Every structure is written in structure tokens, then in C-alpha cells.
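Analysis of the macromolecular model
If you want the building blocks of each chain, they are given just below.
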Amino acid sequence: MALWLKRQKMTLLFSKNSTLYKTLDPLSKNAKIIMISGLPGVGKSLYINQLHHISKLNGRNITVIQWDMARKAFETPEILARYPLGDGLTHKGVLLAVGLWVLDAVKEWTETHPDKHDLLLIEAPLLGNRFIELAKIAPDAALESVLKSDKFQVVVPIPSKKLRDNIEKARAKDVPDDVKVWAGAKPSVMLLLWKMVCQIATELGYEKPIDLSVQPPYDPSVYQFVYGKILKHRHFTPLLVDKVFKFELDSEDELHNLGSLKATAEAANNYADRISEKYPTDADIEARIKEWFST
């Protein structure tokens, strides 16, 4: 959870004696690729930013891919005409197109960055097919050999119940549900996505019954269970978090100013065309994406 105020550039927030630093520091020294995954509002952008700081201290040459920045590159007039934005949700055709792009982007990066000091940081929600391709067995054998190795590490911040409650209250205050332009998921979308997590947990055999006739309360054990199942082919580290980090920013955009890789408009249109050719109707796209969590 991150609270931002004003007028001060963000710096390293984690004490070197903290559990968070002691978890992330060795990963930043030894991994080739680190992916931060999880629900909206758990601080993925914050952890990418902090990993960037830590990795610089460890002498790494850093490249970044962030979901929000990569997705925005696919909001070209041509793509939006075919795959318009919904009420706070990206069209599923765009999700598939961005997924094709990220596989190619990661493969190209691994081929062009052989130096041991090179490090790729990825911010990937996974939920609802947002970069889920990186959790599935890659069709390219050379890429899959990298993704299944211990050089590719996935970290999932898992807030405590108290922290999640603070996150929901802060998001409700900062992002009213009726806004037309917003940073991150609206409160209603956060609840929708949490209910989706609970539905998936039930489908994947979570041991306790979950009442889906109402909005299920947040439960970190459900969260960890679902992401553990989704990431069964990857090296997965749950990062249990119960602390609010207070820092000052002129705007939330500072969490996304790390020079994230993204597609050119021409490339984005080409990837969207490939999706449109393979899945010509929204029903085809829905059928393809329905069980995105089956990895």
C-alpha cells in the first residue's frame, strides 16, 4: 500500500534491516528477470520502483516493462475503433494483443542482453489475462527455458486484511467510481476483481467454501492460493506485507517514469490485427480468454 503526498522525489523506502529488503535484495543480485504480480492497489508499481533502486545499488543495468504503460501503447485510434474501452476495463482483445507483444519483447530482451549485469523488471497483474502469457508455458522453447529457470523470479505482494482495508478506503477516497479518467482500478473494479479471485479459488479447489452470492471479504490465504496455482510453472515468492509506506510525489505518474518498454503504434496495430484475424468476433475472444487462469 502506498500513500503519496507532495513535492518530494521518491527514494529508497525499505530499511536494509527489513524483511522486504532482505527478500528483494538477493533477487536483485541473482535473477535475470524479476516480475512483480498481483491485484490492483497492492503496490506493484511501488515495488518495481523500489527494486529499481535496490538493483541500481547492486550494479545492475535495468530495463523495465510495466503493464499500464505497455497497455496504453495499444490505445491507438485503429485499435480503439475495434476494441473500445469499457467502464474501467480494457477490452479483452487488447489484453490478447498486449500478451502477444510481451512474449516477443521478453524474448528479444533475453537475446540482446546477455551480460550478467543486465536485469529486466516486469510489472504484471496476471489477473484477467494481463500478461498471463508469462505464467503459461511459452510456445517458444528457448524463451520457456528462461522463464522456467531460477533466473526468472516472480514476487507477489500479499497485503494483510488490515492493509487491504486501508487500500480500499484510500482508493475510494482518491478515485470516485464516476470519474472518467483515473489512475489505477476504480473501487468497484477492485471489488469485481477480488470476487473473480474468489471464483477462481473455488474452481481451483480451495479448501474452504467461499460464499459467492455476496461480495466475499478479502482473505490473504485465498490470494496466495490462487497466485500459487497460476504460477505453478514459475519460481514464486509471496511477499507478505502489513505496512503502509508513506512517501511524497508530485503525482502518481512518478511511479511509472522508469522508461518502460512499449510497442510502437505500428507494432501495436499489427499485433491487434493478428488477434482480430485469429479471433474475429468478441465471442471468439471471450471463449479464448475465459479460462485465462488455466496455466
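Now for a description of the structure that goes with this document. Predicted, not measured: the structure shown is a model, and the values here were computed from it. (Residues numbered from 1 in each chain as written. Predicted model: local features only at pLDDT ≥ 70, side-chain atom pairs only at ≥ 80, totals over all residues. Heavy atoms only, no water.)

1. Some details on the sheet that holds strand 5 (residues 152-159)
On the basis of which strands lie adjacent, the open sheet formed by five strands has the order 3-4-2-5-6 and parallel pairing. Only two strands of the sheet have a single neighbouring strand rather than two, namely strand 3 (61-66) and strand 6 (235-241). Ignoring which end each strand starts from, the neighbouring axes of this sheet average 20° apart. The pairing of strand 5 with strand 6 spans seven bridges and is parallel. In the sheet register, proline 159 faces strand 6, and the bridge partner there is valine 241. (Pairing = 2+ DSSP bridges. Helix = DSSP H or I, 4+ residues; strand = E, 2+ residues; numbered from the N terminus. Axes fitted to C-alpha atoms, helices over the stretch in contact; angles between N-to-C directions.)

2. Topic: the side chain of arginine 234
The topology assignment puts arginine 234 in the loop between helix 9 (220-230) and strand 6. Reaching out from arginine 234, the side chain makes a polar contact with the backbone oxygen of leucine 134 at a distance of 2.8 Å. Here the side chain of arginine 234 touches lysine 136 through a polar contact of 2.7 Å, landing on its backbone oxygen. Beyond its immediate sequence surroundings of up to four residues, arginine 234 is in contact with Leu134, Ala135, Lys136, Ile137, Ala138, Glu144, Leu147, Lys148, Phe152 and Val154. (Polar contact = N/O pair within 3.5 Å; in protein donor to acceptor, adjacent residues only side chain to side chain. Contact = heavy atoms within 4.5 Å.)

3. Brief notes about the packing of aromatic side chains
A full pass over the atoms with the stated rule returns seven aromatic pairs. Taking 5.0 Å as the distance between ring centres and 90° as the angle between the ring planes, the aromatic pair formed by tryptophan 67 and phenylalanine 131 counts as edge-to-face. A residue pair is termed long-range when its members are at least 10 positions apart, and tryptophan 67 in helix 3 (residues 67-72) and phenylalanine 131 in the loop between strand 4 (118-124) and helix 6 (141-147) qualify at 64 residues. For tryptophan 67, a relative accessible area of 5% puts it in the buried group. Between tyrosine 206 and phenylalanine 225, the aromatic rings sit 5.2 Å apart at their centres with planes inclined by 65°, giving edge-to-face as the arrangement. On the criterion of sequence distance, the pair formed by tyrosine 206 in the loop between helix 8 (187-203) and helix 9 and phenylalanine 225 in helix 9 is long-range, its members being 19 residues apart. On the accessibility criterion, tyrosine 206 (13% relative accessible area) is buried. Members of the aromatic cluster, each reached through a chain of ring pairs, are Trp194, Tyr218, Tyr223 and Tyr227. (Phe/Tyr/Trp six-rings, centres within 6.5 Å; stacked < 30°, edge-to-face > 60°. Buried < 20%, exposed > 50% of the residue type's maximum accessible area, 1.4 Å probe, protein only.)

4. A word on the pattern of salt bridges
Charged atoms that come close allow side chains of opposite charge to pair. Scanning the entire structure with this criterion turns up seven salt bridges. In this structure, arginine 71 and glutamate 75 form a salt bridge, with 2.6 Å as the shortest nitrogen-oxygen distance. Overall, the relative accessible area of 29% leaves glutamate 75 in the partly exposed class. For glutamate 286, the salt bridge identified is with lysine 92, shortest N-O distance 2.7 Å. Linking glutamate 286 in helix 11 (residues 282-289) with lysine 92 in helix 5 (residues 92-112), this pair joins segments that are 194 residues apart in sequence. Among the residues examined, glutamate 286 registers a relative accessible area of 34% and is labelled partly exposed. One network of salt bridges, with partners in common, ties together Asp68, Arg71 and Glu75. (Salt bridge = Lys/Arg side-chain N within 4 Å of Asp/Glu carboxyl O.)

Purely geometric numbers; function is a separate question.
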